[in-house]
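Below, each chain spelled out in residue letters.
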Amino acid sequence: MRVAFVSHQSSAHLGGAERSMLAIIDAWRAADPELEPIVIGPAPAAALADEVRRRGWETLDVPMTGWAVWDVDGGSAQRRLRDAENAAATAAIRRLLTEREVRLVVTNTLVVPWGAIAAAALGIPHVWFVREFGERVQGFFYPGGREEALREIGELSHAVVANSFAVKAMLDEHMPPEKVSVVYPPVDLAAVRSRALDRDEAASEEPSSALRVCVLGRVTHSKGQWRVIEALGSTTHDRIDVTFVGEVLDRGADAALTRRAQAIAPTARVRFAGERENPFPTVAAADICVIPSEKEAFGRSTLECLALGRPVIATSSGAGAELIVDGESGRLVAPDDIAALARALDDYAADADLVTRHGRAAAVRAETIASGPFTLPAAISTLTAALSAQPAPLPARWQDWCRDLDDIAAPRGTRALRARARATRLVRRGLRAVRHPVRAARALRALLAR
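Summarised in this report is the structure supplied together with it. The residue numbering used here restarts from 1 in each chain and proceeds along that chain's sequence as written. The model is predicted, so local features are restricted to residues of pLDDT at least 70 and side-chain atom pairs to those at 80 or more, both for listing and for counting; the totals for chains, interfaces and linings are taken over all residues. Values reported for side chains reflect all heavy atoms of the structure, with hydrogen atoms and water molecules removed beforehand.

## Focus on the pairing of strand S1 (residues 2-6)
The line we're drawing: Relative accessibility under 20% of the residue-type maximum defines a buried residue, over 50% an exposed one, and the middle range a partly exposed one, all with a 1.4 Å probe and only protein chains included. Note on conventions: DSSP H or I runs of at least 4 residues are helices, E runs of at least 2 residues are strands, and numbering of each starts at the N terminus. Two strands are counted as paired when DSSP detects at least two bridges linking them.
By the criterion of burial, S1 is predominantly enclosed, with 4 of the 5 residues buried. In the sheet, S1 pairs with strand S2 (residues 36-42) via 5 bridges, with the strands oriented parallel. Across the sheet, residue Phe5 finds its bridge partner in S2, namely Val39.

Quick look at the structure:
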């Protein structure tokens, strides 16, 4: 029984979405050894493809993007080039599904629809796992419109699985709510606690009498590390140490945030530890954790911190409100309420007993979430039921596109299209620099510092 899983991951490190997908496949194979997974991802292959091959599974790496753009839009020329690449990817996926007699297609990302479209064109059932909000503030731009993309996720799928009730509420506005279920991403709490005992990693953590704060997440504006820095400037306690753990995605962000902290909170100790294969000793060495992003679709890091008995301060928008019991296992603050974040830090800095009480409740809360009804068995049940489901019809606007894949994949004047797209991006970057000169100057300085 072959099932294809489509992912968008092409970075050097596995993200939460990819780890969740691998855990679901592992659990499904344990329950049904007849399962033969095929993982499809964008070329060039990276960490996910390596992990799939290590497990001995089949993989297909194909150049493709999604229906969301992360870079400055290059206008109609860029869209034609993207169409060409994605048409070729859809044709390659369709050939694979046919040749390998795949019975079910599973898409593991909001932004890549080509597996779903190929499945609908061939009459193969499809399930869509949505693990992100995919909003503009998070860097997603949809040339075709975000609302249309969300609507078509429902049209192309027998079932849609959200990774939190916050994400389900967003999806319910664009598709029949009964089509959408919730499955929390699987997190092995025992493994998290075991890895936190790594002595080599723990030895690198310096003891401190200050409130020790750990902030997990890749360092980029949407993850909100700046909120923590700004809150330090409003705290009344001068003994707060903050360690940021995660890859720096925005060039120079760590240096800029450090300078800002020195300017507004000179007594605070701020350091950026970078990406760590095992971040859990750092979490265990902290007193509390902060997850400051504006809106987390789930918050794997939040659950991992809770599992280690660390109270978590998180924003009240998104899934943080589902995982944290405010005032019992951590604190919830509005994303833009820097003063509330500062007060929460002060409360923990002033009361070690509060840290202990909330830490104990945090560990209990993690167990409750991980053993609840919205876990791996629910995911496997949904996927198993989909094997015999009625395939979704191909939406009308994709029918001509699928019929003309070969022509779309080989546009005329490719070199001229690339030149036009490049010129359009340069013009739009220039206009952006005029509107936001300070931001543009910072980006230029970061580029020159490389």
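Back to the text.
## Looking at the side chain of Glu296
Rule in force here: Under this definition, polar contacts are N or O atom pairs within 3.5 Å; protein pairs additionally need one hydrogen-donor-capable and one acceptor-capable atom, and for neighbouring residues in sequence, both atoms have to be side-chain atoms. In what follows, a contact means two residues having at least one pair of non-hydrogen atoms within 4.5 Å.
Looking at where Glu296 falls in the secondary structure, it is placed in the loop between strand S11 (288-291) and helix H12 (300-307). Separated by 2.5 Å, the side chains of Glu296 and Ser293 make a polar contact. With sequence-adjacent residues up to four places away left out, Glu296 is seen in contact with Phe133, Lys223, Ile291, Ser317, Gly318 and Ala319.

## A look at the packing of aromatic side chains
For clarity, the threshold we go by: Centres within 6.5 Å are what make two rings of Phe, Tyr or Trp a pair, Trp counting through its six-membered ring; a difference in plane orientation under 30 degrees is then read as stacked, over 60 as edge-to-face, and the rest as tilted.
Under the defined criterion, the tally for this structure stands at 8 aromatic pairs. On the numbers, 5.0 Å between centres and 85° between planes, the contact of Phe165 with Phe374 is edge-to-face. In this pair, Phe165 sits in helix H6 (residues 165-172) while Phe374 sits in the loop between helix H15 (352-370) and helix H16 (376-386), placing the two residues 209 residues apart along the sequence. Relative to Trp401, the ring of Trp398 has its centre 5.1 Å away and its plane inclined at 85°; by these criteria the two rings are edge-to-face. Of this pair, Trp398 and Trp401 both sit in helix H17 (residues 396-403), separated by 3 residues, roughly a single helical turn.

## As for the packing of helix H9 (residues 225-232) against helix H14 (residues 338-350)
Applicable threshold: Only the stretch in contact is used when fitting a helix axis, every axis being a line fitted to C-alpha atoms; angles between N-to-C directions are given from 0 to 180 degrees. In what follows, roughly perpendicular refers to angles from 65 to 115 degrees, roughly parallel to angles under 35, roughly antiparallel to angles over 145, and oblique to any angle outside these ranges. By definition, any crossing whose near helix is turned counterclockwise from its far helix by less than a right angle is left-handed, and any crossing with a clockwise turn is right-handed. Polar here means any residue other than Ala, Val, Leu, Ile, Met, Phe, Trp, Tyr, Cys and Pro, which are nonpolar, and Asp, Glu, Lys and Arg, which are charged; Gly is therefore polar.
Two elements in contact, H9 and H14, have axes whose closest approach is 8 Å; the angle formed by their N-to-C orientations is 70°. Here H9 lies roughly perpendicular to H14, going by the angle between them. Of the two elements, H9 crosses H14, and the hand of that crossing is right-handed. Two secondary-structure elements touch here, H9 through Trp226, Arg227, Val228, Glu230 and Ala231 and H14 through Ile338, Leu341, Ala342 and Leu345. When its residues are assigned to classes, the contact of H9 with H14 shows 7 nonpolar, no polar and 2 charged.

## Considerations on the sheet that holds strand S12 (residues 312-315)
Within the open sheet, the 6 strands sit side by side as S10-S9-S8-S11-S12-S13. Their pairing is parallel. Because the sheet does not close on itself, it has two edges, and the strands there are strand S10 (269-274) and strand S13 (330-333). Neighbour-to-neighbour, the strand axes of this sheet turn through a mean angle of 20°, independent of strand direction. In this sheet, S13 lies alongside S12 in parallel orientation, the contact comprising 4 bridges. What sits directly across from Val312, in S13, is Gly330.

## Some points on the nonpolar core
Note the threshold: Residues belong to one nonpolar core when they are buried, are Ala, Val, Leu, Ile, Met, Phe, Trp, Tyr or Cys, and are joined through side-chain atoms within 4.5 Å.
Ranked by size, the top nonpolar core spans 50 residues in total, and within it Ile153 and Leu171 carry the most contacts. For this core, the element with the most residues is helix H3 (residues 75-99), which contributes 7 residues. For Ile153, the residues in contact, after removing those within four places along its chain, are Trp67, Leu110, Trp128, Val130, Val160 and Met175.

## Focus: the sheet that holds strand S7 (residues 180-182)
Overall, parallel pairing links the 7 strands, which are arranged S3-S2-S1-S4-S5-S6-S7 in an open sheet. At either end of the open sheet lies a strand with only one pairing partner, and these are strand S3 (58-62) and S7. Strand-to-strand twist across the sheet, computed as the mean angle between neighbouring axes with direction ignored, equals 20°. Examined bridge by bridge, S2 and S3 share 5 bridges and lie parallel to one another. Following the sheet pairing, Pro42 is matched in S3 by Val62. The sheet contacts of H6 involve strand S5 (126-130), strand S6 (159-162) and S7, and relative to S7 the element is tilted by about 175°.

## Some thoughts on the pairing of strand S4 (residues 104-107)
Heads up, the condition is: Seen with its strands pointing away from the viewer, a crossover is right-handed if its path from the first strand over the helix to the second goes clockwise.
Along S4, one buried face is formed by Leu104 and Val106 and the opposite face, lined by Val105 and Thr107, is buried too. Pairing analysis gives 4 bridges linking S1 to S4, with the strands arranged parallel. For Ala4, the partnering residue across the bridge sits in S4 and is Val105. Two elements, S4 and S5, share 3 bridges in a ladder whose sense is parallel. Following the sheet pairing, Val106 is matched in S5 by Val127. Handedness of the S4-helix H4 (residues 114-122)-S5 crossover: right-handed.

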